[in-house]
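# Analysis of the macromolecular model
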Amino acid sequence: MKVNYKTYNLPFTHPFTISKGTKTHQPTLIVELEFMGIKGYGEAPAISYYNIPVEKMVEDLERKRIFIEKYAFNEPERYWHYLHHLFPANPFLVCALDMAAWDIYGKLKRKQLHQLWNLDTAKSPVTDFTIGIDTIENMVAKMKEKSWPIYKIKVGVDNDIEMVAALRKHTDAIFRVDANAGWSLEQALQKIPLLKELGVEMVEQPLAKDNWDGMKILFERSVLPLYADEACVFEDDVEKCHQHFHGINIKLTKCSGITPARRMITKARELNMEVMVGCMNESSVGTAAIAQLAPLLDKVDMDGPLLLSEDIAEGVQFDNGKLIYNEWPGLGIKLNW
Ligand code: MG
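Computed from a prediction, not measured in an experiment: that's the story for all the values here.

### A closer look at the sheet that holds strand S7 (residues 200-204)
An order of S4-S5-S6-S7-S8-S9-S10-S11 is seen for the eight strands of this open sheet, with the pairing classed as parallel. One side of each edge strand has no neighbouring strand; the edge strands of this open sheet are strand S4 (129-131) and strand S11 (299-300). Pairing between strand S6 (residues 174-178) and S7: three bridges, direction parallel. Of the residues in S7, the one forming a bridge with Phe 175 is Val 200.

Here's what the structure looks like:
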């Protein structure tokens, strides 16, 4: 197994603001693994909230490069276990390497992963398109710029309801909101019924990630389904979210790859919970990995390539939110590097 990588700082089309801050660029790591002449690719974007910058991913990769390269690869799940023990404090790097290993695995079998897993892509949900926090005027303009069937609106500021009401005047599209842990219990109890009246279908991470007591109360009283994002990072968190959230938003980067994400989906289904996979503004590389899991999901948020003004690869395409798969094996990507 040979390993190579590149780092990028991909620009957003518009500065992207959530309740935790604004960014104009998305730093990301792309890794390339080569096994028996076949190259596979994986991605891990850096999110400051999770405190693993791209430099830390590169440093860890270089420090243990020899251990990544000497591994006798046979199948991705075993490789993930090896990586998980090699980099216990760097799930983002594990994600990028796990994704690359799955890409190779699919290419060796000459199939896309969803085909190897016998999934029906007709069941893949339509992806939403995210509207970041901005002035109401700019949010309306951004929404009009991209006509879409489902919008995920970032909230968690004082004028949330006013923002959503203003957007509602211009579209009948489905709305989801993501508070990114920005509300208190009292605010959530007050805002959620108003958002329901505005045609919002679900709320992501209303309260602080460790406010389990608040979530228990909100779970019992909320008129909208609640999805965990910041509160559901690793596999062990799925069980914790049961009876506190109606669903979970899995992200490949935070949970450490495709391998644990598949187990999290299985666990959530056992607990009768809804499942979404979200993105961290990945390029078409990481987005293609989400597309492989999409037939297993209730909801998907994979608009990274739509929010960024530069891309690294060609991969899954979108037709008004519907995923259009290609015929390329593995993750279904072609890299331009
Ligand atoms: Mg979120």
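This is not the end of the story, as more comes after the structure.
### Here we look at the coordination of the magnesium ion
Those donors, Asp 178 (OD), Glu 204 (OE) and Asp 229 (OD), are the protein atoms that reach the magnesium ion, and they lie 2.1 to 2.2 Å from it. Within one chain, the residues donating to the magnesium ion are spaced in sequence as D-x25-E-x24-D. You can see Glu 204 sitting in strand S7 and its partner Asp 229 sitting in the loop between strand S8 (226-228) and helix H10 (235-241), a full 25 residues away along the chain. Assigned by exposure class, Glu 204 and Asp 229 land together as buried.

### What about the nonpolar core?
Soluble globular proteins tend to bury their nonpolar side chains together. Counting residues in each nonpolar core, the largest one holds 116 residues, and the members touching the most others are Leu 33 and Trp 183. Looking at this core element by element, the count peaks at twelve residues for helix H4 (residues 91-109). Residues lining this core come from more than one domain, with at least three contributed by each of domain 1 (2-110) and domain 2 (115-335).

### Comments concerning the side chain of His 244
Tracing the chain through its elements places His 244 in the loop between H10 and strand S9 (247-251). Exposure remark for His 244: the relative accessible area of 16% places this residue in the buried category. When sequence neighbours within four positions are dropped, the list of residues in contact with His 244 reads Trp 212, Met 215, Lys 216 and Phe 219.

### Side note on the sheet that holds strand S3 (residues 38-45)
Within the open sheet, the three strands sit side by side as S1-S2-S3. Their pairing is antiparallel. Of all strands in the sheet, those with a lone pairing partner are strand S1 (2-18) and S3, marking the two edges. Neighbour-to-neighbour, the strand axes of the sheet open up by a mean angle of 20°, direction not taken into account. Of the pairings in the sheet, the one linking S1 to strand S2 (residues 21-35) comprises 13 bridges and is antiparallel in character. Bridge pairing links Leu 10 to Gln 26 in S2.

Calculation criteria
- Residues numbered from 1 in each chain as written.
- Predicted model: local features only at pLDDT ≥ 70, side-chain atom pairs only at ≥ 80, totals over all residues.
- Heavy atoms only, no water.
- Pairing = 2+ DSSP bridges.
- Helix = DSSP H or I, 4+ residues; strand = E, 2+ residues; numbered from the N terminus.
- Donors = N, O, S within 2.8 Å, 3.2 Å for Na, K, Ca; no water.
- Buried < 20%, exposed > 50% of the residue type's maximum accessible area, 1.4 Å probe, protein only.
- Core = buried A, V, L, I, M, F, W, Y, C linked by side-chain atoms within 4.5 Å.
- Domains from an automatic or database assignment.
- Contact = heavy atoms within 4.5 Å.
- Axes fitted to C-alpha atoms, helices over the stretch in contact; angles between N-to-C directions.

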